[in-house]
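Coordinates in review
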Amino acid sequence: MSSIFDQIIEGKLPCDKVYEDEAIIAFHDIAPQAPVHILIVPKKRVQKLQDLDSKDMHILEDVVKVAQTLAKKFNILEGYRLLTNNGALAGQTVFHLHFHLIGGKQLGHQFG
Ligand code: AMP
């Protein structure tokens, strides 16, 4: 099923893009929870982390590399979070695998 992020990847919906290569696109979250809140989205259509095939694990390496690059670019090396919500109970609302890169302020300890 096509999600809103597929439409962004296909260029059918605009986004505030900060990075793109053949495998990944990254853009500012439309409802930021911190001064820096970027979504790092693998282009491959995978609904959530749990569905990631072992042959596609290299995607995680790509995501981490992009997160490191963007953390430097957006000056949040002092502290940032990289997270994914897996499934509705975890708060996932867009069912296309993506990672939140969050920083730019003192983040709380709350996870639930
Ligand atoms: P999640 O709840 O983990 O599935 O995260 C989905 C995120 O996508 C939320 O933080 C939304 O604010 C964000 N979002 C939804 N639509 C858009 C959009 N068109 N452009 C940028 N971010 C979006």
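Thresholds applied
- Counting of residues starts from 1 at the beginning of each chain's written sequence and follows it residue by residue.
- pLDDT decides what is reported in this predicted model: residues at 70 or higher carry local features, side-chain atom pairs at 80 or more are listed and counted, and totals for whole chains, interfaces and linings draw on all residues regardless.
- In computing side-chain properties, one takes all heavy atoms of the structure into account and sets aside hydrogens as well as water.
- Only buried Ala, Val, Leu, Ile, Met, Phe, Trp, Tyr and Cys residues count toward a nonpolar core, and they belong to the same one when joined by side-chain atoms within 4.5 Å.
- For every residue, the accessible area (1.4 Å probe, protein chains only) is compared with the maximum for its type, and the residue is labelled buried under 20%, exposed over 50%, or partly exposed between those bounds.
- Runs of E in the DSSP output that reach at least two residues are strands. Runs of H or I that reach at least four are helices, and both are numbered from the N terminus.
- Should any heavy atoms of two residues lie within 4.5 Å, those residues are counted as being in contact.
- The criterion for strand pairing is that DSSP finds at least two bridges linking the strands in question.
- Proximity criterion: a residue is near a molecule or strand once any of its heavy atoms comes within 4 Å of it.
- In protein, a polar contact means a hydrogen-donor-capable atom and an acceptor-capable atom, both N or O and within 3.5 Å, with residues adjacent in sequence counting only if both atoms are side-chain atoms; elsewhere, any N or O pair within 3.5 Å suffices.
- The accessible surface values rely on the Shrake-Rupley method and a 1.4 Å probe; as for residues, cover is taken only from the protein chains in view.
- The distinction between a cavity and a pocket rests on a 1 Å grid over the protein atoms alone: a 1.4 Å probe fits inside a cavity but cannot get out, while a pocket stays open yet meets protein on both sides within 12 Å along at least five of seven lines, and a residue with an atom within 4 Å of a point counts as lining.
- To qualify as sitting in a cavity or pocket, a molecule needs more than half of its atoms within 2 Å of the grid points.

A26, I38, I40, V63, L70 and L101 are the most contacted members of the largest nonpolar core, which has 18 residues in total. Taken together, the elements giving at least two residues each to this core come down to β2 (24-28), β3 (36-42), α2 (58-73) and β5 (99-103). Here this core gets six residues from one element, more than from any other, and that element is α2. If near-sequence neighbours (up to four positions away) are discounted, V63 is found in contact with I24, I40, P42, L82 and F99. Counting eight residues, the second largest nonpolar core, distinct from the first, contains I9, I25, F27 and V41.

Within a regular strand, the side chains alternate between the two sheet faces. The element β3 is extensively covered by neighbouring structure, given that seven of its seven residues are classed as buried. Every second residue of β3 is oriented toward a common face, with V36, I38, I40 and P42 on one face and H37, L39 and V41 on the other, all of them buried. Here β2 runs beside β3; their pairing, made up of five bridges, is antiparallel. Of the residues in β3, the one forming a bridge with I24 is P42. Looking at chain direction, β3 and β5 are connected through five bridges and run antiparallel. The partner of H37 across the bridge, within β5, is I102.

Quick look at the site of the ligand now. Taken together, 15 residues surround the ligand, and among them D29, N85, G91, T93 and H100 come closest. The contact in question runs from an oxygen atom of the ligand to an N or O atom on the side chain of N85, over 2.8 Å. Measuring from an oxygen atom of the ligand, one finds a side-chain N or O atom of H98 at 3.0 Å. Within the complex, the protein chains bury 83% of what would otherwise be the 510 Å² of accessible surface of the ligand. One can see that the ligand is located within the largest pocket. Within the residue set of the shell around the ligand, elements represented by two or more residues are α1 (4-9) and β2.

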